[in-house]
Amino acid sequence: AKAMTTSVFESLAIFSLPWIFQPWMASRFLVGGEAALQTAELAAAQDAFSSAAELGPRHFEPERGLARVHHARYKATRDPASLEAAVLHQGRAVKLNPMAATLWLDLGVFLAESGRPVEAWAAVEKAESLDKGRPWWKADVEALRARTPTPAGTGEARPRPPRPR
């Protein structure tokens with residue numbers, strides 16, 4: 001009976017290995033992707049974030065990392081396909097974690113840069129509704145307001161109602 005118990009225990013341990021190692025490996029790829037992104041090694045960052053996404057498909061960080069890689073590539077090359085890829089991956093990150101205001105804010109920035117002000121403002125307003133009064137990203141929102149045309153396309157900064165005090 002003892003040999004049978006050990007055998008069952010070993011089987012359960014082996015069966016659970018993917019649930020133990022996949023998150024650990026995904027986090028290692030995320031760390032590697034961040035390091036590569038900080039040194040502008042975009043291909044290495046993309047490979048690392050893609051590997052993390054394969055290991056943790058229900059986690060938003062690999063998608064956010066891929067969005068940042070594509071956005072950095074867009075900034076370097078002005079290739080519109082890179083910006084669209086950034087929007088796509090950031091949209092996936094938002095779907096995986098819709099309560100994270102910073103994900104919505106980044107999506108708004110990418111949408112504004114891609115010439116989609118209506119969608120950009122919807123994303124920024126969602127970010128603001130989720131996380132009111134965050135001073136560390138208020139300057140980013142104000143800068144976006146200053147450079148993004150109104151959804152009607154008048155070219156003026158979008159007017160905002162006064163904030164309640």
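Model, not experiment: these values are computed from the prediction.

(A) Region of the structure containing the packing of helix 2 (residues 42–55) against helix 3 (residues 60–77). Packing of helix 2 against helix 3 brings their axes to within 8 Å, and their N-to-C directions diverge by 160°. Our classification of the angle between helix 2 and helix 3 gives roughly antiparallel. Like other packed secondary-structure pairs, helix 2 and helix 3 cross with a definite hand, here left-handed. The residues of helix 3 that touch helix 2, namely those facing Leu42, Ala43, Ala45, Gln46, Phe49, Ser50, Ala52 and Ala53, are Pro62, Glu63, Gly65, Leu66, Val69, His70, Ala72 and Arg73. Grouping the constituent residues of the contact of helix 2 with helix 3 by class yields 10 nonpolar, 4 polar and 2 charged.

(B) A look at the confidence of the model for the protein chain. Across the protein chain, pLDDT averages 82, with 73% of residues at or above 70. In the model of the protein chain, helix 1 (residues 2–38) stands out as the element of lowest mean pLDDT, 69, in contrast to helix 4 (residues 80–96), which has the highest, 98. This stretch, residues 154–165, has a pLDDT under 50; its non-local contacts, to residues over four places away or in other chains, come to 22 contacts.

(C) A look at the side chain of Ser82. Relative to the elements of secondary structure, Ser82 occurs in helix 4. A relative accessible area of 5% means that Ser82 is categorised as buried. Ignoring anything within four residues of it in the chain, the contact list for Ser82 reads His70, Arg73 and Tyr74.

(D) Local environment of unusual backbone geometry. Despite not being glycine, Ala40 has its phi angle at roughly 60°, a positive value. Structurally, Ala40 can be placed in the loop between helix 1 and helix 2. For Arg78, which is not glycine, the phi torsion reads 60° and is therefore positive. The topology assignment puts Arg78 in the loop between helix 3 and helix 4.

(E) Broad picture of helix 3. Its 18 residues place the ends of helix 3 26 Å apart at the C-alpha level, agreeing with the 26 Å of an ideal helix rising 1.5 Å per residue. If you check which residues of helix 3 are buried, you get Phe60, Pro62, Glu63, Gly65, Leu66, Ala67, Val69, His70, His71 and Tyr74. One or two residues past the end of helix 3 sits Arg78, with phi positive at roughly 60°.

(F) Spatial organisation of the pattern of salt bridges. Within the structure shown, the criterion is met by 7 salt bridges. Notably, a salt bridge pairs Glu34 with Arg68, separated by 2.5 Å at the nearest N-O pair. With Glu34 in helix 1 and Arg68 in helix 3, this pair connects stretches of sequence that are 34 residues apart. For Arg68, a relative accessible area of 26% puts it in the partly exposed group. Several salt bridges share partner residues, and in doing so they unite Glu61, Arg64 and Asp106 into one network.

(G) Region of interest: the side chain of Gln90. By the element assignment, Gln90 lies in helix 4. Setting aside residues up to four positions removed in sequence, Gln90 forms contacts with Arg64, Ala67, Leu103, Asp106, Leu107 and Phe110.

(H) Geometry of the environment of Pro62. In this fold, Pro62 is placed in helix 3. Judged by its relative accessible area of 2%, Pro62 is buried. Along the backbone, Pro62 and Ala93 are 31 residues apart, and their C-alpha atoms lie at a distance of 8.0 Å. Not counting residues within four places of it along the chain, the set of residues in contact with Pro62 comprises Leu30, Phe49, Ala52, Ala53 and Gly56.

The rules behind the values
Residues numbered from 1 in each chain as written. Predicted model: local features only at pLDDT ≥ 70, side-chain atom pairs only at ≥ 80, totals over all residues. Heavy atoms only, no water. Axes fitted to C-alpha atoms, helices over the stretch in contact; angles between N-to-C directions. Helix = DSSP H or I, 4+ residues; strand = E, 2+ residues; numbered from the N terminus. Parallel < 35°, antiparallel > 145°, perpendicular 65-115°, else oblique. Left-handed = near helix turned anticlockwise from the far one by under 90°. Contact = heavy atoms within 4.5 Å. Nonpolar A, V, L, I, M, F, W, Y, C, P; charged D, E, K, R; others polar. pLDDT = per-residue confidence, 0-100. Buried < 20%, exposed > 50% of the residue type's maximum accessible area, 1.4 Å probe, protein only. Expected span 1.5 Å × (residues − 1). Salt bridge = Lys/Arg side-chain N within 4 Å of Asp/Glu carboxyl O.

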